[in-house]
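# Architecture and fold: a report
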Amino acid sequence: MTNSNASQDAIPLIVVPMDQVKETLDTLPASAKEMAEIHGFKGALGQAVYAPDGAGKYIALVGFGDAETRRRGRFHLANGAQKLPSGIYSLTSAIPCENPQYEVLGWHLANYKFDRYVKPSTVDRVLVTPDWVDQHWLDTMISAETLCRDLVNTPSNDMGPAELEQAARDLAKRYNADLNVIIGQDLIDQNFPMVHAVGRASSRAPRLIDLRWGEIGPKVTLVGKGVCFDTGGLDLKPASGMGLMKKDMGGAANTMALASMIMGLNLQVQLRLLIPAVENAVSGNAFRPQDILISRKGLSVEINNTDAEGRLVLADALAYACEDDPDLVISMATLTGAARVAVGSDLAAFFSDHQTMTEALKKASVSTQDPVWELPFWDPYERMIEPGIADLDNAPGGGHAGAITAALFLRRFVSDPSRYMHFDINAWTPASLPGRPKGGATQGPRALFSAISEWVNSRG
């Protein structure tokens, strides 16, 4: 997966911030210095020079900019590295930042290619793992990120509920976890009525995937939205809104990535992963606007838009999760367009009543280059999700505070909100950026893994 052994043939790679250009160039062989000057190398972010060393070999320089320009992006090593030719590279300088291991991770994430259907023309840029980076940590993080990207990028004809279940089975087998799956009519028999209602119109049976791992430490339960394709149901989406709905299982993919990190790095928790996996399709037995569904928790829900289906399947899963009295519950979902309007595609919006985890997460999001932004569980908006004819409204009208009302809806199904965090994510990079090729993306797992680790350690 990564190259952990230094090679005599590796090309020396020097990371150069803008304030160290002159002193760095002065240490180079004359031919390399001349090449850098010919190319106008100033150490700016994204600059890269591949220069002869005068002895038949080469030296690579990658600009690292200054603190101000670095604030406007992330994975800066990958920014310049992507402009280098194929080869094996070995860092011969420090990376001037607080958490340089994430710059090394970014290099590898930039090499990601989704090649299931076409063999891409590739440029292989191998980075020898520096001795100050833990190889197992690096491999685990790359594996988790790749898992998420592959799942989201796979089109729905090859990534339905059954295929998502198989991915969970593969993950469970890899880490010796237990897996149980409830499918089709059994969802009714075992009281998951809203998961069944959303998925029953599809020819591909809905299911609830339940993975468990670990026997010591606090109980950490992840709940990921696994809507493998969302037509909108009878409130049909327009073509423009349906085009990327293969990514509507991005919450499931992100929770699987986080679970992979937790298991792969042996975090001392009792992990549970719940994924309601469905396809929101259209047929004669599809659930309808103005239907009233009775949830697992017993709360009645008026359906005012069948396109607000994600919160329905999550609600049953959250109620089930809380029956096990977990210490921490985290839901992740591509839930609302309102969250994208509020924070864009680069940030993961989150809601939390868990103050310790909130503070840890905010710090971790910076150090792990995994940005998040807190939105409020704004209690005065509770009235907006109470239709009168039922306990809850799945899609309050008016168009205001859509991300908040969706989060408040989910919180109603959690037994202890002080232990709950909800992530409303995009799970997609719209255009290629350093370390983040266009397509499926993690949003939150790296920061969450770091924050959960800190929280677990603080508990003693």
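Residues numbered from 1 in each chain as written. Predicted model: local features only at pLDDT ≥ 70, side-chain atom pairs only at ≥ 80, totals over all residues. Heavy atoms only, no water.

Moving on to helix H16 (residues 445-458). For H16, built from 14 residues, the straight-helix expectation of 20 Å at 1.5 Å per residue is met to within 8% by its first-to-last C-alpha distance of 20 Å. Most of H16 is tucked away: ten of the 14 residues are buried. All of the buried residues in H16 are Pro 445, Arg 446, Ala 447, Leu 448, Phe 449, Ala 451, Ile 452, Ser 453, Trp 455 and Val 456. Looking at the residues trailing H16, positive phi occurs at Gly 460, about 80 degrees. (Helix = DSSP H or I, 4+ residues; strand = E, 2+ residues; numbered from the N terminus. Expected span 1.5 Å × (residues − 1). Buried < 20%, exposed > 50% of the residue type's maximum accessible area, 1.4 Å probe, protein only.)

Before going further, it helps to examine the nonpolar core. It is characteristic of soluble globular proteins that their nonpolar side chains tend to be buried jointly. Counting residues in each nonpolar core, the largest one holds 83 residues, and the members touching the most others are Leu 13, Phe 423 and Ile 452. Of all the elements, helix H11 (residues 250-264) adds the most residues to this core, at nine residues. Counting 46 residues, the second-largest nonpolar core is a separate cluster that includes Leu 293, Ile 303, Val 329 and Phe 351. (Core = buried A, V, L, I, M, F, W, Y, C linked by side-chain atoms within 4.5 Å.)

Now for the sheet that holds strand S2 (residues 48-52). As summarised here, the arrangement of the five strands in space is S2-S3-S1-S4-S5, forming an open sheet in which the pairing is mixed. Since the sheet does not close on itself, it has two edges, and those belong to S2 and strand S5 (125-127), each with one partner. When the angles between neighbouring strand axes are averaged without regard to direction, this sheet yields 30 degrees. Sheet topology places strand S1 (residues 11-17) next to strand S4 (residues 87-91); three bridges connect them, and they run parallel. Directly across from Leu 13, in S4, lies its bridge partner Leu 91. Each of S2 and strand S3 (58-65) touches helix H2 (residues 30-38); the most contacted strand, S2, lies at about 145 degrees to it. Of the strands in this sheet, S1, S3, S4 and S5 touch helix H5 (residues 101-110), which is tilted by about 155 degrees from S5. (Pairing = 2+ DSSP bridges. Axes fitted to C-alpha atoms, helices over the stretch in contact; angles between N-to-C directions. Contact = heavy atoms within 4.5 Å.)

A surface patch of nonpolar side chains, amounting to about 260 Å² of accessible area, comprises Leu 234, Leu 236 and Val 282. Here Leu 236 lies in the loop between strand S9 (226-230) and helix H10 (239-242). Given the relative accessible area of 52%, Leu 236 is considered exposed. (Patch = residues over 30% accessible without salt bridge, like charges linked within 9 Å, V, L, I, M, F, W, Y side chains within 5 Å. Areas by Shrake-Rupley, 256 points an atom, 1.4 Å probe, with all protein chains shown as cover. Salt bridge = Lys/Arg side-chain N within 4 Å of Asp/Glu carboxyl O.)

Turning our eyes to something else, we now look at unusual backbone geometry. Phi at Asn 176 takes a positive value of approximately 55 degrees, unusual for a residue other than glycine. For Asn 176, the location among the structural elements is in the loop between helix H7 (161-174) and strand S6 (178-183). Residue classification places Asn 176 among the exposed residues on the basis of a relative accessible area of 70%. Unusually for a residue other than glycine, Gln 290 sits at a positive phi of about 75 degrees. With respect to the helices, strands and loops of the structure, Gln 290 is situated in the loop between strand S10 (270-280) and strand S11 (292-294).

What follows deals with the pattern of salt bridges. Evaluated as defined, the whole model comprises 31 salt bridges. The salt bridge involving Lys 33 is made with Asp 26; its shortest N-O contact spans 2.9 Å. Residue classification places Lys 33 among the partly exposed residues on the basis of a relative accessible area of 26%. According to the relative accessible area criterion, Asp 26 is partly exposed, its value standing at 43%. We note a salt bridge from Asp 346 to Arg 74, for which the minimum N-O separation is 2.7 Å. With Asp 346 in the loop between helix H13 (337-343) and strand S14 (348-352) and Arg 74 in the loop between helix H3 (67-70) and helix H4 (76-81), this residue pair connects regions lying 272 residues apart in the sequence. Classification of Arg 74 as buried rests on a relative accessible area of 13%. Within the structure, one salt-bridge network assembled from shared partners comprises Asp 353, Asp 379, Glu 382, Glu 386, Arg 411 and Arg 412.

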